[in-house]
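So you can see what is in the structure, the chains are spelled out below.
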Amino acid sequence: QVQLVESGGGLVQAGGSVRLSCAASGDTICISAMGWYRQAPGLERELVAAITNGGSTFYADPVKGRFTISRDTAKNTVYLHANRLKPEDTAVYYCNAEGSSCPWDYWGQGTQVTVSS
């Protein structure tokens, strides 16, 4: 089993920044990639950014150039630096961990990010 604990988020003004953290514990050896998803009210959960163990990254078009994902492998922690935030970035942000050796995908409990205009 893998446990994911998120921190960060909160209320921020448009144009501001926030840093989300996700610490993984347990059977983390099976993880090959970690990422951040978000879900706004009434919308489906969507992938925001992801990073592999090898350091390859992916960003969804709406956040390219504004968000940065990074990973501290020694701490089994992934970060999402969200800059130049917009009201449309308001959502619950979820950490995700996956790997072909993992029995299933793992999810954090979610952390709210609210961007005021």
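The structure we're discussing is the one just above.
Rules behind the numbers
- Residues numbered from 1 in each chain as written.
- Predicted model: local features only at pLDDT ≥ 70, side-chain atom pairs only at ≥ 80, totals over all residues.
- Heavy atoms only, no water.
- Phe/Tyr/Trp six-rings, centres within 6.5 Å; stacked < 30°, edge-to-face > 60°.
- Helix = DSSP H or I, 4+ residues; strand = E, 2+ residues; numbered from the N terminus.
- Lys NZ or Arg CZ within 6 Å of the ring centre and 35° of its normal.
- Buried < 20%, exposed > 50% of the residue type's maximum accessible area, 1.4 Å probe, protein only.
- Pairing = 2+ DSSP bridges.

Student: Explain the packing of aromatic side chains here, please?
Tutor: Each aromatic ring pair is specified by the distance between its two centres and by the angle formed by the two planes. Per the stated rule, a full pass over the model turns up 2 aromatic pairs. The interplanar angle of 65° and the centroid separation of 4.9 Å between the aromatic rings of Tyr37 and Trp107 together place this pair among those described as edge-to-face. Here Tyr37, found in strand β4 (residues 33-39), pairs with Trp107, found in strand β10 (residues 106-107); they are 70 residues apart in sequence, far enough to count as distant. Taking NZ or CZ as reference, Arg45 lies 3.7 Å from the ring centre of Tyr94, over its face. Above the plane of the ring of Trp107 lies Arg45, whose end atom (NZ or CZ) is 4.7 Å from the centre.

Student: Please clarify how the pairing of strand β7 (residues 67-72) should be interpreted in this entry.
Tutor: For a regular strand, side-chain orientation follows a simple rule: the groups alternate between the two sheet faces. Only one face of β7 is buried, namely the one carrying Phe67, Ile69 and Arg71, since none of Thr68, Ser70 and Asp72 on the opposite face is buried. Linking β7 back to strand β8 (residues 77-82) in an antiparallel pair, the connection comprises 4 residues, with Asn76 at a positive phi of about 50°.

Student: What exactly am I supposed to notice about unusual backbone geometry here?
Tutor: One can expect most non-glycine residues to show negative phi and most peptide bonds to be in trans. Its identity is not glycine, yet Asn76 carries a phi of approximately 50°, on the positive side. For Asn76, the location among the structural elements is in the loop between β7 and β8. What makes Asn76 partly exposed here is its relative accessible area of 24%. Phi is positive for Arg84, which is not a glycine, with a value near 45°. By secondary structure assignment, the location of Arg84 is in the loop between β8 and β9 (91-98).

Student: Any chance you could explain the pairing of β9 here in plain terms?
Tutor: Summarising burial for β9: 6 of the 8 residues are buried, a large majority. Sheet analysis places β4 next to β9, joined by 7 bridges and oriented antiparallel. The partner of Gly35 across the bridge, within β9, is Asn96. Examined bridge by bridge, β9 and strand β11 (residues 111-116) share 3 bridges and lie antiparallel to one another. Within β11, the residue paired with Tyr93 across the bridge is Thr111. Relative to β10, β9 runs antiparallel, the two being bridged by 2 bridges. Its bridge partner lying in β10, Ala97 is registered against Tyr106.

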